[in-house]
Amino acid sequence: MMKKISYILGLLGVISIVISILLLTKEINSENTLLWTTEYQNKEDISIKFEKYNASSFQKIIINKDNAISYIIPLDVYLYKIINSITEYNNNDINILKYNNAVDNDEILNLIDLSDESNTSKVVLKHELDNGNIIYLEKKLRNGSYNERLHIFIKAFEQHYYYVCYQINNKTFSDSFINEVINMDKYKDDSNYLNQDGKWYLYLHANNKKAFELNYNPSKYIKNDDYQGNILSLKVDKDSDKLINIYFYYDQKGIDENINTTFTIKNSKKLMLKDYVAWLYTTIHKEVEYDDYIIMIDDYTKLRVTFPKSLEDKVDINNFLNFTYE
């Protein structure tokens, strides 16, 4: 009888150990769902423990008009700025930069600067997804201040990628957060985001404004490409190489009428377009003159419309003032 009891107790002990190992393995696997490779590491290993950053809910932001390319942001971050080069969202914990131009492989290596920085410990981890996207997790410790950057390169065309960077300080990205922002297919498409001919739609998710929609005559102006960013590019003739570029700018801190251009400014004048204060700049680049309109929508937003002066008789600036912003 005692032998039987001992056998049962021993069996229960073995079962308990097996269950404990399985639970531990499950916990380890849940915390290490991504297989990282170390691209770079300098100085000592970064092993300081920080609070893990995660978010409770997320949403998709569309990059191109057919919803094929997108990125994910937490619902509790809001639009901070849209300028030529970046679209920026943030809150008190995280800063998200979406770069408005596609980058190639060489630029990716330059963006993940692997130089040895003085007083900085740094490690860069890499993971490649089945869909062709590439992610880098960069950890930096300098003079007691810790920073993590999650770089996501979203396959756009050929060897080019759209680039989104998530930044946090003195926290570490949880595996749950990383898995959420790279699993873009789980979020359903919304046809409202589609840019149809004659319509330019920007979903903003700003604190005070959610969307901008501009309507134009598609029989008069032909869309040049399908990129969904802060630029709408049009032509008056499908075979022409002369472009009408319309830019949307936003800054939560406030925005002014200044033009940001590498072109030479010849002159400018102030005017009213409908109910909007505007400036018309004449600029020149490589002996080609341009009309460059800055339209002040409100204290935080402006629209810029620029085209070669040779198109003046074919372009009416009032054609681009039919928009809703709410």
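Throughout what follows, the structure given in this document is the object of discussion. (Residues numbered from 1 in each chain as written. Predicted model: local features only at pLDDT ≥ 70, side-chain atom pairs only at ≥ 80, totals over all residues. Heavy atoms only, no water.)

Before going further, it helps to examine the overall build of the protein chain. When helices and strands are tallied, the protein chain shows three helices and 22 strands. Taking all 326 residues of the protein chain together, the buried fraction comes to 46%. Across the protein chain, contacts joining residues at least 24 apart in sequence account for 53% of those joining residues at least 6 apart. Looking at the protein chain as shown, the accessible area adds up to about 17700 Å², and 48% of this sits on carbon and sulfur atoms. (Helix = DSSP H or I, 4+ residues; strand = E, 2+ residues; numbered from the N terminus. Buried < 20%, exposed > 50% of the residue type's maximum accessible area, 1.4 Å probe, protein only. Contact = heavy atoms within 4.5 Å. Areas by Shrake-Rupley, 256 points an atom, 1.4 Å probe, with all protein chains shown as cover.)

Across the five residues of strand β16 (residues 231–235), four count as buried, placing the element largely inside the fold. As paired strands, strand β15 (residues 222–223) and β16 are joined by two bridges and run antiparallel to one another. Looking across to β16, one finds that Ile222 is bridged to Lys235. (Pairing = 2+ DSSP bridges.)

By the definition in use, this model includes nine salt bridges. With a closest N to O distance of 3.9 Å, Glu51 and Lys171 form a salt bridge. One end of the pair, Glu51, is in the loop between β1 (37–42) and β2 (52–53); the other, Lys171, is in the loop between β11 (160–169) and β12 (172–173), with 120 residues separating them in the sequence. Note that Asp292 is salt-bridged to Arg304, the shortest N-O span being 2.9 Å. (Salt bridge = Lys/Arg side-chain N within 4 Å of Asp/Glu carboxyl O.)

Moving on to the layout of surface pockets. For the largest pocket, the calculated volume is near 490 Å³. Taken together, 20 residues make up the lining of the largest pocket; nearest its centre are Lys52, Lys139, Thr172, Phe173 and Asp175. For the lining of the largest pocket, the elements supplying multiple residues, two or more each, are β9 (134–142), β10 (145–157), β12 and α3 (175–182). Looking at the lining of the largest pocket residue by residue, the class counts come to 10 nonpolar, four polar and six charged. (1 Å grid on protein atoms, 1.4 Å probe; cavity = no way out; pocket = protein on both sides within 12 Å on 5 of 7 lines; lining within 4 Å. Points joined across faces, edges and corners; volume = space filled by probe spheres on them. Nonpolar A, V, L, I, M, F, W, Y, C, P; charged D, E, K, R; others polar.)

In this section: α3. The periodicity of an α-helix, 3.6 residues per turn, causes residues three or four places apart in sequence to face the same way. Most of α3 is tucked away, with seven of its eight residues classed as buried. Buried within α3 are the following residues: Asp175, Phe177, Ile178, Asn179, Glu180, Val181 and Ile182.

A word on unusual backbone geometry. The phi dihedral of Glu158 is positive, around 45°, even though this residue is not glycine. Structurally, Glu158 can be placed in the loop between β10 and β11. Its identity as a non-glycine residue notwithstanding, His205 has a phi of 50°, on the positive side. Its place among the elements puts His205 in the loop between β13 (199–203) and β14 (211–215). Using a relative accessible area of 5% as the deciding quantity, one classes His205 as buried.

On to the side chain of Asn100, then. Mapped onto the elements of the fold, Asn100 is located in strand β7 (residues 94–104). Polar contacts involving the side chain of Asn100 include one to the side chain of Asn230, which spans 3.5 Å. (Polar contact = N/O pair within 3.5 Å; in protein donor to acceptor, adjacent residues only side chain to side chain.)

Relative to the helices and strands, Asn42 is located in strand β1. Overall, Asn42 belongs to the buried group, its relative accessible area being 6%. Only 3.4 Å separates the side chain of Asn42 from the backbone oxygen of Thr120, close enough to count as a polar contact. Here the side chain of Asn42 touches Lys122 through a polar contact of 2.7 Å, landing on its backbone nitrogen. Contact partners of Asn42, with chain neighbours within four places excluded, come to Asp116, Glu117, Thr120, Ser121 and Lys122.

We now examine the environment of Asn215. With respect to the element layout, Asn215 can be found in strand β14. Take Asn215: its relative accessible area is 26%, and that puts it in the partly exposed class. Put simply, Asn215 and Asn319 are 104 residues apart on the chain and 8.4 Å apart in space, counted from C-alpha to C-alpha. Apart from the residues lying within four places of it in its own chain, the contact partners of Asn215 are Gly198, Lys199, Asn319 and Asn322. One polar contact links Asn215 to Glu213, side chain to side chain, over a distance of 3.4 Å.

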